[in-house]
Amino acid sequence: MNWMEKLSFYFQFPLVRYALIVGVLIALCSSLLGVTLVLKRFSFIGDGLSHVAFGAMAIAAILNIANQTLLILPVTIICAILLLRTGQNAKIKGDAAIAMLSVGALAFGYLVLNVFPTSANVSGDVCSTLFGSMSILTIRKEEVWICIILSILVIAFFVLFYHRIFDVTFDESFARSAGTKVDWYNLLIAVIIAVIIVLAMNLVGSLLISALIIFPALSAMRIFKSFRAVTICSAVISVICALLGMLVSILTGTPVGSTIVAVDVLAFLICYIIGIVGGRG
Amino acid sequence: MSYMIARNLSVGYEGQEVLANINFEVNKGEYLCIVGENGSGKSTLMRTILGLQPAISGEVMFMDGLKKNEVGYLPQQTMIQRDFPASVEEIVRSGFQGQMGWRPFYSKEQKQKALENMERMHIVNLAKRCYRELSGGQQQRVLLARALCASQKVLLLDEPVSGLDPNVTADMYDLIASLNRDGITIIMISHDIGATIRYATHILHVDNRHTFFGTKEEYLKSPEGFIAAHEQELECEGGRK
């Protein structure tokens, strides 16, 4: 079988098509707020939250909750709010708080999974939560629906508040002086980040989420110079990388999360070179 | 009628008082300069006037129909802005954010007004350029155009010429003076006494011991004004040698 035949064979299964839709939506959502995250120096919050999501997942697993997202999502959102509060009051303390919370959640999650094993293969479970499933085909149908609904919410939020997000990212002092509710928008951004992280955990696993959020934005920033162009470009890069990554993973049997991130890294290198060449020209 | 009156205002951070007992009044069309040494709390005072931080005691009243979000602020540049991918047009338009209410996008009139303000600042040709690639003087014009979008009544400028070379500084002062002639009230922080004396109508001299507020003429006769002007002269002479 050559690779075209192999692909068309796989596409006969609805599950594969769902998986691709979910992957594209997650990639799109995660890229949208990437620019804001990078510029506001919030990337570390994304990283910390993904570990929290892992801890929450562990608890959801031992409690045997059928739909784990329902527990992981609120826990992650609450932590996002807490982190933002401490992070704003004092810079150094905020950093330490994030480190504490993320490493603590990671250790706690692993501990809980080992003390109360729910399956025979604990290390296999942990590995797939941290680095994503071996195959995207393990996504269940109700997860697909949650994914689609949350993605639509994230995209709608982003489009409606696009200008306000720009305002609070570019110049907080000016935004405050103009009466924009900066704290409220920061909170909203943190909540959306939490939603995206929980979403993306299904696709790439909790350790690799940050890559999905920041790489497309950093790539786009190498080439484009206006906020709108960077945002659009990072969405396009993210979707293309996710599609390519998923196809490669289906064809070669590599783990889907790390394959997508590898393609993202490659895209960043290409954009970096284009940026240097274009900058000189 | 006054736009703004400050009564027994004390400002500072976390309960720590930096400046105390400030009284001043700004009327429509005036040009108030806030002068004082570096670290004397001028920016803190401006942030308090804008409501970005609470006053320790006393109050600033906005009057004559001036609303809190009807002031155009030109803050000092932040680290974030140095690597921010944003076009000049996007930044200037963001000046309208206080007037948006729940509307998500800018209206046609707002886009037109943004263009007019860019014309006024002579930066229309830069509209599509990236902010971080502009010179310091051009960047300040962009931020000034943004402040104009926010307000046609009062502008609060926090050291608008810091880091600019002498020619660009003079241009910037002329530009601000022309806005003032058009009827826009200016409140500016400066440590350039020479320019202050040339352009301002009123002066607020702040200092951790005492403050002075009055017209430019009164200031020049006061001990604070005399010392400040004298020091500036010495500095200029030193520069010539």
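Predicted model, so just to flag it, every value in this text is computed and none were measured.

Moving on: the overall build of chain B. A count of helices and strands for chain B gives nine helices and nine strands. Its C-alpha atoms give chain B a radius of gyration of 18 Å, within 12% of the compact-globule value 18 Å for 241 residues. For chain B, the spread of C-alpha atoms along the principal axes amounts to about 50 × 45 × 35 Å. Per-residue burial over chain B gives 40% buried out of 241 residues.

Residue and element names in this part refer to chain A. By secondary structure assignment, the location of serine 238 is in helix α13 (residues 227-252). For the pair formed by serine 238 and isoleucine 59, sequence separation is 179 residues and the distance between their alpha carbons is 31 Å. Apart from the residues lying within four places of it in its own chain, the contact partners of serine 238 are Ala27, Leu28, Ser30, Ser31 and Pro216.

Often the size quoted for an interface is simply the accessible area lost on bringing the parts together. Taken together, the contact pairs 23 residues of chain B with 24 residues of chain A. Breaking the side of chain B that touches chain A down by element, the ones donating at least two residues are β5 (71-74), α2 (79-82) and α3 (88-93) of chain B. The class makeup of the residues in the side of chain B that touches chain A is 14 nonpolar, seven polar and two charged.

With that settled, consider the sheet that holds strand β2 (residues 16-27) of chain B. Residues and elements named next belong to chain B. An order of β2-β1-β4 is seen for the three strands of this open sheet, with the pairing classed as antiparallel. Edge positions in the sheet fall to β2 and β4 (57-62), since each of these pairs with one other strand and no more. For this sheet, the mean inter-axis angle between neighbouring strands, taken without regard to orientation, is 15°. Pairing of strand β1 (residues 2-13) with β2, which is carried by eight bridges, proceeds in the antiparallel orientation. If you follow tyrosine 13 over to β2, its bridge partner there is glutamine 16. This element, helix α1 (residues 42-50), spans β1, β2 and β4 of the sheet and lies at about 125° to β1.

All names here are of chain A. Between helix α11 (residues 182-204) and helix α12 (residues 209-223), whose axes approach to 8 Å, the crossing angle comes to 110°. Taken together, the axis directions place α11 and α12 in an arrangement best described as roughly perpendicular. Listed contacts from α12 to Ile196, Ile197, Ala200, Met201 and Val204 of α11 are Ile209, Leu212 and Ile213. The class makeup of the residues in the contact of α11 with α12 is eight nonpolar, no polar and no charged.

Once that is clear, we can look at the UniProt feature "transmembrane region" (unreviewed entry) in chain A. Residue and element names in this part refer to chain A. Here the UniProt-annotated "transmembrane region" (unreviewed entry) positions come out as residues 15-39, 51-84, 96-113, 144-165, 185-215, 227-250 and 256-277. End-to-end, the C-alpha atoms of residues 15-39 are 37 Å apart, and along that stretch the chain is 96% helix and 0% strand. Its end C-alpha atoms 26 Å apart, residues 96-113 is made of 100% helix and 0% strand.

With that out of the way, let us pick up helix α5 (residues 136-150) of chain B. End to end, α5 of chain B covers 21 Å across 15 residues, agreeing with the expected 21 Å (1.5 Å per residue, within 8%). For α5 of chain B, the elements touching its buried residues are β5, α3, α4 (108-120), β6 (154-158) and α6 (166-181) of chain B.

So, about the confidence of the model for chain B. Mean pLDDT over chain B: 86, with 96% of residues reaching 70 or higher. In the model output, the complex is listed with pTM 0.86 alongside ipTM 0.88.

Turning our attention to the nonpolar core. Of all hydrophobic cores here, the largest spans 154 residues; its most connected members are Ile193 and Ile196 of chain A together with Leu156 of chain B. With sequence-adjacent residues up to four places away left out, isoleucine 196 of chain A is seen in contact with Cys29, Ser30, Leu33, Val154 and Ile213 of chain A.

When the terminal C-alpha atoms of α11 of chain A are compared, their 31 Å separation across 23 residues agrees well with the 33 Å that a helix rising 1.5 Å per residue should span. Just downstream of α11 of chain A lies glycine 205 of chain A, where phi reads positive at about 85°.

All names here are of chain B. Taken in spatial order, the six strands of this open sheet run β5-β6-β7-β3-β8-β9, and their pairing is mixed. The open sheet terminates on both sides in strands that have one partner only, identified here as β5 and β9 (212-215). Direction aside, neighbouring strands of the sheet carry axes that sit 15° apart on average. When strand β8 (residues 202-205) meets β9, the two strands line up antiparallel, connected through four bridges. The residue bridging histidine 202 from the neighbouring strand is threonine 215, located in β9. Across the sheet, α1 is in contact with β3 (31-35), β5, β6 and β7 (185-189); its angle to β6 comes to roughly 150°. On the sheet, α5 packs against β5 and β6 and is oriented at approximately 165° with respect to β5.

Time to look at the pairing of β6 of chain B. Residue and element names in this part refer to chain B. By the criterion of burial, β6 is predominantly enclosed, with five of the five residues buried. Alternating positions in β6 separate into two faces, Val154, Leu156 and Asp158 on one and Leu155 and Leu157 on the other, with burial throughout. With four bridges connecting them, β5 and β6 associate as parallel partners. Across the sheet, leucine 74 pairs through a bridge with leucine 157, a residue of β6. Two strands pair when backbone bridges link them, and β6 and β7 are joined in this way by five bridges, in the parallel orientation. Pairing of valine 154 across the sheet is with threonine 185, part of β7. In this region the chain leaves β6, passes through α6 and returns to the parallel neighbour β7; the handedness of that crossover is right-handed.

Our next topic: unusual backbone geometry. Even without a glycine there, the phi angle at asparagine 8 of chain B is positive, about 45°. In this structure, asparagine 8 of chain B sits in strand β1.

About the thresholds
- In this convention, every chain numbers its residues from 1, walking through the sequence in written order.
- Working convention: letters from A go to chains and numbers from 1 go to ligands, in the order in which they are written.
- Note on the predicted model: pLDDT of at least 70 is required for a residue's local features to be given, and 80 or more for side-chain atom pairs to be given and counted; whole-chain, interface and lining totals, by contrast, use all residues.
- Numbering of helices and strands starts at the N terminus; helices are DSSP runs of H or I of at least 4 residues and strands are runs of E of at least 2.
- Just to be clear, the radius of gyration here is over C-alpha atoms, and the globule rule we use is 2.2 Å times residues to the power 0.38.
- For every residue, the other C-beta atoms within 10 Å of its own C-beta are counted; 20 or more classify it as buried, 12 or fewer as exposed, and values in between as partly exposed. C-beta atoms are placed from the backbone.
- Any two residues are considered in contact once their C-beta atoms, placed from the backbone, lie within 7 Å.
- Three classes are used: nonpolar for Ala, Val, Leu, Ile, Met, Phe, Trp, Tyr, Cys and Pro, charged for Asp, Glu, Lys and Arg, and polar for all others, with Gly counted as polar.
- Two strands are said to pair when DSSP picks up at least two bridges between them.
- Axis lines are fitted through C-alpha atoms, for helices just across the contact stretch, and the angle between N-to-C directions can take any value from 0 to 180 degrees.
- Roughly parallel here means an angle under 35 degrees, roughly antiparallel means over 145, roughly perpendicular means 65 to 115, and every remaining angle is called oblique.
- UniProt positions are given in the numbering used here, feature names are shortened, and annotations may be inferred rather than shown by experiment.
- One less than the residue count of a helix, multiplied by 1.5 Å, gives the span that helix is expected to have.
- Per-residue confidence from the predictor is given as pLDDT, running between 0 and 100.
- To form a nonpolar core, buried Ala, Val, Leu, Ile, Met, Phe, Trp, Tyr and Cys residues must be joined through C-beta atoms within 7 Å.
- Orient the strands so they point away from the viewer; a crossover is then right-handed if the path from the first strand over the helix to the second runs clockwise.

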